[in-house]
Amino acid sequence: ELNTRKSNDACEQSCTVSFLEVYNDRLRDLLVPPSTGVRRPSEGKVGAESRGVDIRMHPKLGVYVTQLTESKVSSPSDVLELIQFGNRMRSVASTSMNSRSSRS
């Protein structure tokens with residue numbers, strides 16, 4: 001089907017970013033800030049705690065995560081900004097081996 005398209009047909013693409021943490025057998029959407037007033041990049045509003053993300057299996061689409069934030073991005077800097085935000089939301093605690101160990 002792709003080869004039969006006319007060369008003047010418009011093609012539209014989009015890219016989204018999601019960031020998920022698995023911690024203590026629980027899933028957490030890292031692009032949803034806690035209710036402490038932290039603001040997500042390019043989003044002027046404060047979100048709620050993770051809203052019931054869960055791993056599911058669709059018979060045709062395969063594995064997916066319900067209620068996971070999908071933020072549209074248009075540049076590599078948008079992606080980097082969301083990754084940095086998600087990293088700040090990760091659960092971290094010190095261990096005897098490392099003072100800032102990732103707990104996810």
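Structure shown above.
Reading the values: rules and limits
- Residues numbered from 1 in each chain as written.
- Predicted model: local features only at pLDDT ≥ 70, side-chain atom pairs only at ≥ 80, totals over all residues.
- Heavy atoms only, no water.
- Salt bridge = Lys/Arg side-chain N within 4 Å of Asp/Glu carboxyl O.
- Buried < 20%, exposed > 50% of the residue type's maximum accessible area, 1.4 Å probe, protein only.
- Helix = DSSP H or I, 4+ residues; strand = E, 2+ residues; numbered from the N terminus.
- Core = buried A, V, L, I, M, F, W, Y, C linked by side-chain atoms within 4.5 Å.
- Contact = heavy atoms within 4.5 Å.

A.B. asks: Would you explain the pattern of salt bridges in this entry?
C.D. replies: Taken as a whole, this structure holds two salt bridges when the rule is applied. For the salt bridge of Asp54 with Arg56, the shortest nitrogen-to-oxygen distance reads 3.3 Å. A residue is classified by how much of its surface remains accessible, and Asp54, at 30% relative accessible area, is partly exposed.

A.B. asks: Mind showing me how you'd approach the environment of Gln67 here?
C.D. replies: As for its position among the elements, Gln67 is in the loop between strand E5 (62-66) and strand E6 (71-73). In this structure, the C-alpha to C-alpha distance between Gln67 and Asp29, residues 38 residues apart in sequence, is 8.5 Å.

A.B. asks: Is there a simple way to think about the nonpolar core in this case?
C.D. replies: Nonpolar side chains tend to gather and get buried jointly when the protein is soluble and globular. Ranked by size, the top nonpolar core spans seven residues in total: Val17, Leu30, Leu31, Val73, Leu82, Phe85 and Met89. Element by element, the count of residues in this core is highest for helix H1 (residues 76-89), at three residues. Excluding its chain neighbours within four sequence positions, the residues that come into contact with Val73 are Cys15, Val17, Asp78, Val79 and Leu82.

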